[in-house]
Amino acid sequence: MSYELFRQGLDAPICLTWELTYACNLRCVHCLSASGERRADELSTAEARALIDTWAAMKVFYLNVGGGEPMTRPDFFELMDYSLARGIGVRFSTNGTLIDEAAAAWIAARAYLDVQISLDGATAATNDPVRGTGSYQRAQRAMELLAAQGVNFKLNAVATRQNVGELDQLYALAQHYGAALRVTRLRPAGRGVAVWQAMRPTHAQNRILYDWLLAHPDVMTGDSFFHLSAYGQAVEGLNMCGAGRIVCCVDPVGEVYACPFVLSPEFSGGNVRNPGGFAWLWQNAPLFKHMREWQVGGSCQSCNAYASCHGGCMATKHFTGRELDAPDPDCVFAPDEVIPLQPM
Ligand code: SF4
Ligand code: SF4
């Protein structure tokens, strides 16, 4: 399908993230949803099941489930099974700490359930300052249990200034467990706002990352690095910002945002608890309609790389205080400057 068709939006989101809970047993310094404690008004099991029914009727074909730590929800297994029974595949992201032998066997027994373990360094020395003391070892234990069950899981690493030098090691680590590697962009969202400046790769590192990704086309990236395609050859993955067009995020209390990295009131289309629910919001919310008509303007419009970069990531621009029509802060043609951060 073409960029133009995606830009105008589809009847149902292709990339639907569902943050199940704000509860988390870790406190990662870059958490995009600033998770920690469960909120009292999170969707009930009945509301969550009704939402899955809506998505099944809309023919949503898979969900990206996250949090917080989704496995902290007592009804996690029930909701995942309900989604699968309604014909919706699931990829859930977890820190791995709650994966025991029984959970690994449960995952292995489900064909359309994909699991992604988060790890932000190839060693504990790199990972644990970001994800917490002992988190590397706990994720390693989860990966061992999954590998023992023959699960082809994903290992997801957020690329940072501290771990770009470990890309080869991360790749080898994933291979060791029979897993696939996914590398994603650090966005200044949630707690990530406070650490973005210190952790974002430098422009020189982004160039190294770009070359490395071209040499490793089996590494998944989602929509993380299309702004780097401005260097020349397009990186694998979704080469556009799909926010509000093919991407959206439902948070634990039912708020529907244009993208998981913009959990901010100005990017909410409304709440699934409102009349019309999710289906009405996706098709009619003024914010989403606007985003389907909007194109990044400004200097990007006259840039030779516009066709591959389209001005970059909206979330990154928003949380660094840029106009949405401005180039991405990591535009490959920009100087390696220090960007002032907008307080949350
Ligand atoms: S705003 Fe950024 S993170 Fe969100 S969909 Fe667009 S490119 Fe992806
Ligand atoms: S000027 Fe805009 S379109 Fe060109 S590379 Fe930079 S962010 Fe992308």
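Up top is the structure these notes are about.
Residues numbered from 1 in each chain as written. Chains lettered and ligands numbered in written order. Predicted model: local features only at pLDDT ≥ 70, side-chain atom pairs only at ≥ 80, totals over all residues. Heavy atoms only, no water.

**Student:** Looking at this structure, how should I read helix α7 (residues 167-176)?
**Tutor:** Each α-helix winds once per 3.6 residues, and so residues spaced three or four apart point in a common direction. Listed as buried for α7 are L167, L170, Y171, L173 and A174. What you see down the axis of α7 is that its buried residues fit within an arc of 160°, all on one side. The outward face of α7, more than 90 degrees from its buried face, is lined by the exposed residues D168, Q175 and H176. Of the surrounding secondary structure, the elements contacted by the buried residues of α7 are α6 (135-148), β5 (154-159), β6 (180-185) and α9 (203-215). Positive backbone phi, at 70°, marks G178, one or two positions downstream of α7. (Buried < 20%, exposed > 50% of the residue type's maximum accessible area, 1.4 Å probe, protein only. Helix = DSSP H or I, 4+ residues; strand = E, 2+ residues; numbered from the N terminus. Arc of directions from axis to C-beta. Contact = heavy atoms within 4.5 Å.)

**Student:** What am I meant to see in the site of ligand 1 here?
**Tutor:** R187, D223, F226, C241, G242, A243, C259, F261, C313, M314 and A315 make up every residue found near ligand 1. In the shell around ligand 1, the residues fall into eight nonpolar, one polar and two charged. (Near = heavy atom within 4 Å. Nonpolar A, V, L, I, M, F, W, Y, C, P; charged D, E, K, R; others polar.)

**Student:** It is not clear to me how the site of ligand 2 should be interpreted in this structure. Could you clarify?
**Tutor:** Around ligand 2, the neighbouring residues are A230, C300, C303, Y306, C309, G311, P327, D328, C331 and F333. At a threshold of 2 Å from the grid points, most atoms of ligand 2 map onto the second largest pocket. Here the shell around ligand 2 is built from residues that sort into eight nonpolar, one polar and one charged. (1 Å grid on protein atoms, 1.4 Å probe; cavity = no way out; pocket = protein on both sides within 12 Å on 5 of 7 lines; lining within 4 Å. Sits in = over half its atoms within 2 Å of the grid points.)

**Student:** Would you explain the packing of aromatic side chains in this entry?
**Tutor:** The description of an aromatic ring pair rests on the distance of the ring centres and on the angle between the ring planes. For the structure shown, the criterion picks out 11 aromatic pairs. Summarising the aromatic geometry, the rings of F61 and Y62 are spaced 5.9 Å apart at their centres and angled 40° between planes, so their arrangement reads as tilted. Look at F61 and you get exposed, because its relative accessible area is 58%. Taking the centre distance of 4.7 Å and the plane angle of 85° together, the rings of F77 and W106 count as edge-to-face. You can see F77 sitting in helix α3 (residues 76-85) and its partner W106 sitting in helix α4 (residues 101-108), a full 29 residues away along the chain. (Phe/Tyr/Trp six-rings, centres within 6.5 Å; stacked < 30°, edge-to-face > 60°.)

**Student:** In this structure, what is going on with the packing of helix α2 (residues 45-58) against α3? I would like to understand it.
**Tutor:** To characterise two packed helices, one gives the angle between the axes of the helices and the distance between these axes. At a minimum axis distance of 10 Å, the contact between α2 and α3 shows a crossing angle of 20°. Accordingly, the angle class assigned to the pair α2 and α3 is roughly parallel. The crossing of α2 and α3 is right-handed. Across the interface between the two elements, T45, A48, R49, I52 and D53 from α2 touch E78, L79, Y82 and S83 from α3. Of the residues contributing to the contact of α2 with α3, the split by class is four nonpolar, two polar and three charged. (Axes fitted to C-alpha atoms, helices over the stretch in contact; angles between N-to-C directions. Parallel < 35°, antiparallel > 145°, perpendicular 65-115°, else oblique. Left-handed = near helix turned anticlockwise from the far one by under 90°.)

**Student:** Even after reading the chapter, I still don't get the side chain of R245, so can you show me in this structure?
**Tutor:** Summarising the element assignment, R245 is placed in the loop between α9 and β7 (247-250). A polar atom in the side chain of R245 sits 2.8 Å from the backbone oxygen of C241. Within the structure, R245 has its side chain in polar contact with the backbone oxygen of M291 (distance 3.0 Å). (Polar contact = N/O pair within 3.5 Å; in protein donor to acceptor, adjacent residues only side chain to side chain.)

**Student:** Can you help me understand the pairing of strand β1 (residues 15-19) in this one?
**Tutor:** Residues in a regular strand point their side chains to alternate faces of the sheet. Of all five residues in β1, four are buried, a share of seventy percent or more. Strand direction decides the pairing type here: β1 and strand β2 (residues 62-66), joined by four bridges, are parallel. Pairing of E19 across the sheet is with G66, part of β2. Crossover β1 to β2 through α2 is right-handed. (Pairing = 2+ DSSP bridges. Right-handed = clockwise from strand over helix to strand, strands pointing away.)

**Student:** Would you explain the pairing of strand β4 (residues 113-118) in this entry?
**Tutor:** By the criterion of burial, β4 is predominantly enclosed, with six of the six residues buried. Going residue by residue along β4, you find L113, V115 and I117 tucked away on one face and D114, Q116 and S118 tucked away on the opposite face as well. Strand direction decides the pairing type here: strand β3 (residues 89-94) and β4, joined by five bridges, are parallel. Of the residues in β4, the one forming a bridge with S93 is Q116. Sheet topology places β4 next to β5; three bridges connect them, and they run parallel. Each residue of the ladder has a partner; that of I117, found in β5, is L155.

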